[in-house]
Amino acid sequence: MNEPTKVPLTRLAHIFLLVAMAGAATACAQQEGPVPGEPISAAKQFVGQLAKGEFSPARARFDATMKRVVPEAKLAEIWASLISQTGPLREQIGTRTEKVERYDIVFVTCKFERSTLDVKVVFNRDKQIGGLFFVPSRSVADGKPPVYAKPDSFREEEVVVGSGEWELPATLTVPAGGGLFPAVVLVHGSGRNDRDETIGPNKPFRDLALGLATRRVAVLRYDKRTKVYGPKLAAAAGKITAEKITVKEETIDDALAAVALLRETPGIDPKRIFVAGHSQGGMLIPRIAARDQRIAGFVVLAGTTRPLEDVVLDQHNYLFSLDGEISATEKEILDKLRQQVARVKDPALSAETSGADLPLGIPAAYWLDLRGYDPVEAAKSIRRPLLILQGQRDYQVTAEDFAGWKRSLSSRANVRLKQYPTLNHLFMHGEGASTPAEYLKPGHVAEIVVEDIAAWIEAL
């Protein structure tokens, strides 16, 4: 989840995502539109208060849910983590607005000492702040497709994954010409991902889709449920509330719906449908496999094998140590996070435990669902082919995770494991120690990764 924040959340886009999903409506289809001057002024004043360390009056602008999820000390902690990575805020250089249903969204473009980010402030109908995010500034976007994608080799069409209350907008990329094509469903990591798994100017899922379709493999990618239905998932009156959601509702059900759609799609070989999961999506491949025995094979792209709470703590430790020292503020953050991790591991943890007392503010039900889940052990029961890929410069999912897959699965003839020395978590090239700053530099998934996946599928 940029020279953005030092708040190292577990999935790409989480690198930029602040804390409080608290009822923000940013997950709905967004439309550009005018926002009254009052929210613009309020957003700029709010950012100014954060920069001055005036956290009490800044927090006074929150709605009731945000106040519950983000106490004053937490807001101070978040801002300290941000500027420890970006440097101090130098100036506010612009604003832009969006209107999403009853929510007014203001993006305050901020020039920090070492980065430019948008502070995304979501106002409810009462002009209170119902959501807060730090995201890459739109000005850094690149948007160009990779050179290995040949536009005349494929076509794209808009489709819908699932049906009823959770249907998701999606893109199907199909090779040009006739025949039955193998197909891949792309499964996101954690966070509110769009279908391209956009992070900064980079779109790794788009790269994979265009690259694989150029090589005669169809690809289905879709906006994640937490992006499309954020407010609905957070609504207390919903069938699935934010307090009850698990990876089943967040990820697995929709991945299986995407597979089902491909089986009914003309031109797709129903016997050659594969699922590729990135990051947390890779971690969940064994659970997806257990639910559908007809999927032909699986690709794990930087899939973690360690408990999620340990991953979160390790990421914080890594990022806070990049400058060679741990500041007093960073030490305080780490100490608090260790306490939260201990609560996750505590046998006494119950579904009633407040998410505010747990890592990343994620509710207890989510952590309880993952308790005891060992992706490597679960993968042993998958008798279908597996391709497991890992960038060696990845600090979010590390060599330790890859070693876990390797220890348990390398002896199997239908499992292939491969590492790429210069690639990061996005499977993009770089040099030296990987940092969140890399994610703000325009790049593309390395062509060798696309070639390896296509060749593996073709050989099966």
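Scoring rules and cut-offs
Residues numbered from 1 in each chain as written. Predicted model: local features only at pLDDT ≥ 70, side-chain atom pairs only at ≥ 80, totals over all residues. Heavy atoms only, no water. 1 Å grid on protein atoms, 1.4 Å probe; cavity = no way out; pocket = protein on both sides within 12 Å on 5 of 7 lines; lining within 4 Å. Points joined across faces, edges and corners; volume = space filled by probe spheres on them. Nonpolar A, V, L, I, M, F, W, Y, C, P; charged D, E, K, R; others polar. Salt bridge = Lys/Arg side-chain N within 4 Å of Asp/Glu carboxyl O. Helix = DSSP H or I, 4+ residues; strand = E, 2+ residues; numbered from the N terminus. Buried < 20%, exposed > 50% of the residue type's maximum accessible area, 1.4 Å probe, protein only. Pairing = 2+ DSSP bridges. Core = buried A, V, L, I, M, F, W, Y, C linked by side-chain atoms within 4.5 Å. Contact = heavy atoms within 4.5 Å.

Colleague: Describe empty space enclosed by the protein, naming the residues involved and giving the relevant values.
Modeller: Of the voids in this model, the largest cavity is the one considered here, and its volume is about 60 Å³. Forming the walls of the largest cavity are E197, P204, L208, H278, L301, H425, L426, F427, V445 and V449. Across the lining of the largest cavity, the residue classes tally to seven nonpolar, two polar and one charged.

Colleague: Summarise the pattern of salt bridges; cite the residues concerned and give the values.
Modeller: Within the structure shown, the criterion is met by 31 salt bridges. Salt-bridge contacts for R291 lead to D253; the nearest nitrogen and oxygen are separated by 3.4 Å. Taken together, the residues span a long stretch of sequence, with R291 in helix α10 (residues 285-291) and D253 in helix α8 (residues 247-263) at a distance of 38 residues. Residue class for R291 comes out partly exposed when judged on its relative accessible area of 46%. In this structure, R393 and E438 form a salt bridge, with 2.7 Å as the shortest nitrogen-oxygen distance. Of this pair, R393 sits in the loop between β12 (386-391) and α15 (399-409) while E438 sits in the loop between β13 (415-420) and α16 (447-459), placing them 45 residues apart in sequence. Residue R393 is classed as buried on the basis of its relative accessible area of 10%. The exposure class of E438 is buried, given its relative accessible area of 14%. Each of the salt bridges in this network shares a partner with another, and the network as a whole consists of E156, D196, K203 and R221.

Colleague: Quick one: what's the story with the pairing of strand β7 (residues 168-175), residue by residue and with numbers?
Modeller: Every regular strand shows the same layout, with side chains that alternate between the two sheet faces. Where burial is concerned, most of β7 is hidden: seven out of the eight residues are buried. Two elements, strand β6 (residues 154-161) and β7, share eight bridges in a ladder whose sense is antiparallel. Bridging from a neighbouring strand, E156 pairs with T173 of β7. From the end of β6 to the start of β7, which pair antiparallel, there are six residues, and G162 there has a positive phi angle of about 80°. Across four bridges, the pairing between β7 and strand β9 (residues 218-222) is antiparallel. Along β9, the bridge assignment pairs L172 with L220.

Colleague: Go over the nonpolar core, please, and point to the residues and values.
Modeller: Core analysis: the biggest nonpolar cluster contains 61 residues, and V185, L220, Y222, L262, V275, I288 and F298 have the highest contact counts within it. Of all the elements, α8 adds the most residues to this core, at seven residues. Among all residues touching L220, those that are not within four sequence positions of it are V159, V161, A170, T171, L172, V184, V185, L186, A258, L261 and L262. V217, A296, Y439 and I457 belong to the second largest nonpolar core, which has 35 residues in total.

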